[in-house]
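What follows is each chain in one-letter form.
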Amino acid sequence: MPDTPHMLDRAGRWDQALALLSPEETALRAELLVNRFWWRLQGGAEAEAAVDALPPEVTAGYLRAQIAYTRLLFGLEPRPDDVRTARRGFERAAGGDGLAGWGRFWLGVLADNIDEDRRTAGEHYAAAAGHAHDDPLLRSYVLRHQAAHLLKSDHATAVTLLRRSYVLRAALGARPQTAAAAATLAAALPPGEESRDLRESALLTAEDLKLTWLLDHLR
C-alpha cells in the first residue's frame, strides 16, 4: 500500500501531503509541487525551485520538462527554451528504465499539443502502452489520448477506451485524473443522464480540489 503522502497526492490533496514530508524527502516534495502546479496552475516558481534543488539526474529533468510543458500548454508566460526543455527531459526519461513509459507518453502529448504532429504522437502513445502493463495509471493516460485520435474516425471504439480510462482512474482513487476522465467521457457521449452525471461529478471534484484548468473547461 502506498504511504500517506502518495495516497494524498493521488487524492489531489497536495497541501496535506507536503505538510507530512520530512526535510530529507526532497524528490517527493518536488514531485508533489509539480503535480499541484499541473492541476492548479499555481505555485510554478515553488515547484521549479524544488526541482532545481535536486541532483541533475533523469528525474529532475523529467519534472523540469513537466513544468515547461505546463507553461506551454496553458500559456503561463512560456519561456523561449520551454519546448527544448520539455523535449529533452522527456527524451531522457524515455531512454531510461523507471520513467520510460511516462517519458514516451509525454513526448506524445508534446507532439500532439505543441508540434501538432498526430502521427508522431500516436507512435509515442503506442510505445508508452508497451510499458504500461504494470502501471494502470499510465495505461489510463495512454487510453485517453489514443481515444482522442479515434473520436472522429471510430467513435464507438473511442468511447470504449475513454470508459476504460475512467474506470482505471476511479479504481486507483486518482481523484483529479478521474474527474478529468469523467469530463472527457461526458463530452463524447450523447446528451442524457449519463453524460450529465459524469459532468456533475467532474465539476464537484474540480471545485473540491481547486483544479483550475478543469474548472475553466467545465464552467
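Note: the structure precedes this text.
Now for a description of the structure that goes with this document. (Residues numbered from 1 in each chain as written. Predicted model: local features only at pLDDT ≥ 70, side-chain atom pairs only at ≥ 80, totals over all residues. Heavy atoms only, no water.)

### Overview of the overall build of the protein chain
Consideration 1: If you tally the helices and strands in the protein chain, you get 13 helices and 0 strands.
Consideration 2: Scored against the burial criterion, the 219 residues of the protein chain give a buried share of 47%.
Consideration 3: For the protein chain, long-range pairs separated by at least 24 residues make up 48% of all intrachain contacts whose partners lie at least 6 apart in sequence.
Consideration 4: Working note: accessible area of the protein chain is about 11,100 Å², and carbon and sulfur atoms make up 52% of it.
Consideration 5: Mean positive and mean negative side-chain charge positions of the protein chain (26 and 30 charges, respectively) differ by 3 Å. (Helix = DSSP H or I, 4+ residues; strand = E, 2+ residues; numbered from the N terminus. Buried < 20%, exposed > 50% of the residue type's maximum accessible area, 1.4 Å probe, protein only. Contact = heavy atoms within 4.5 Å. Areas by Shrake-Rupley, 256 points an atom, 1.4 Å probe, with all protein chains shown as cover. Lys, Arg positive; Asp, Glu negative; His and termini not counted. Charge placed at Lys NZ, Arg CZ, Asp CG, Glu CD.)

### Considering the packing of aromatic side chains
Consideration 1: If you walk through the whole model with that rule in mind, you get 14 aromatic pairs.
Consideration 2: Note on W38 and Y69: the rings are 6.1 Å apart at their centroids and 15° apart in plane angle, and the pair reads as stacked. Remark: Y69 occurs in helix 5 (residues 58–74) and W38 occurs in helix 3 (residues 26–40); sequence separation between them is 31 residues.
Consideration 3: By way of ring pairs, the aromatic residues W38, W39, Y62, Y69, F74, F90, W102, F105, W106, Y125, Y141 and W213 are connected into one cluster. (Phe/Tyr/Trp six-rings, centres within 6.5 Å; stacked < 30°, edge-to-face > 60°.)

### A few points about the packing of helix 6 (residues 82–94) against helix 7 (residues 100–115)
The relative placement of two packed helices comes down to the angle between their axes together with the axis-to-axis distance.
Consideration 1: One way to put it is that helix 6 packs onto helix 7 with a least axis distance of 7 Å and a crossing angle of 150°. The angle between helix 6 and helix 7 places the two elements in the roughly antiparallel class. Every pair of crossing elements has a handedness; the one defined by helix 6 and helix 7 is left-handed. On the side of helix 6, the interface is formed by V83, A86, R87, F90, E91, A93 and A94, while helix 7 contributes A100, G103, R104, W106, L107, L110, I114 and D115.
Consideration 2: For the contact of helix 6 with helix 7, a count of residues per class yields 10 nonpolar, 1 polar and 4 charged. (Axes fitted to C-alpha atoms, helices over the stretch in contact; angles between N-to-C directions. Parallel < 35°, antiparallel > 145°, perpendicular 65-115°, else oblique. Left-handed = near helix turned anticlockwise from the far one by under 90°. Nonpolar A, V, L, I, M, F, W, Y, C, P; charged D, E, K, R; others polar.)

### Some words on the side chain of T205
Consideration 1: Examined against the element boundaries, T205 turns out to sit in helix 12 (residues 193–209).
Consideration 2: For T205, a relative accessible area of 12% puts it in the buried group.
Consideration 3: Once residues lying within four places of it in the same chain are set aside, the contact partners of T205 are R175, A179 and L211.

### Examining the nonpolar core
Consideration 1: Grouped together as the largest cluster of nonpolar side chains are 69 residues, with contacts concentrated most on W39, Y69, F90, W102, F105, W106 and L214.
Consideration 2: Top element by residues in this core is helix 3. It accounts for 8 residues.
Consideration 3: The residues contacting L214, other than those within four sequence positions of it, are A179, A180, A183, A202 and A206. (Core = buried A, V, L, I, M, F, W, Y, C linked by side-chain atoms within 4.5 Å.)

### Regarding the environment of A68
Consideration 1: The topology assignment puts A68 in helix 5.
Consideration 2: Sequence separation of A68 and R84 is 16 residues, and the distance between their C-alpha atoms is 8.9 Å.
Consideration 3: Each residue touching A68, except ones within four places of it in the same chain, is listed here: D82, T85 and A86.

### Side note on the pattern of salt bridges
Consideration 1: On inspection of all chains with the given rule, the structure shows 14 salt bridges.
Consideration 2: A salt bridge links R13 to D208, with the nearest nitrogen and oxygen atoms 2.8 Å apart. Separated by 195 residues along the polypeptide, R13 in the loop between helix 1 (4–10) and helix 2 (14–19) and D208 in helix 12 bring together distant segments of the chain.
Consideration 3: Among the residues examined, R13 registers a relative accessible area of 25% and is labelled partly exposed.
Consideration 4: Through salt bridges that share partners, D15, R29, R36, R40 and E46 make up one connected network. (Salt bridge = Lys/Arg side-chain N within 4 Å of Asp/Glu carboxyl O.)

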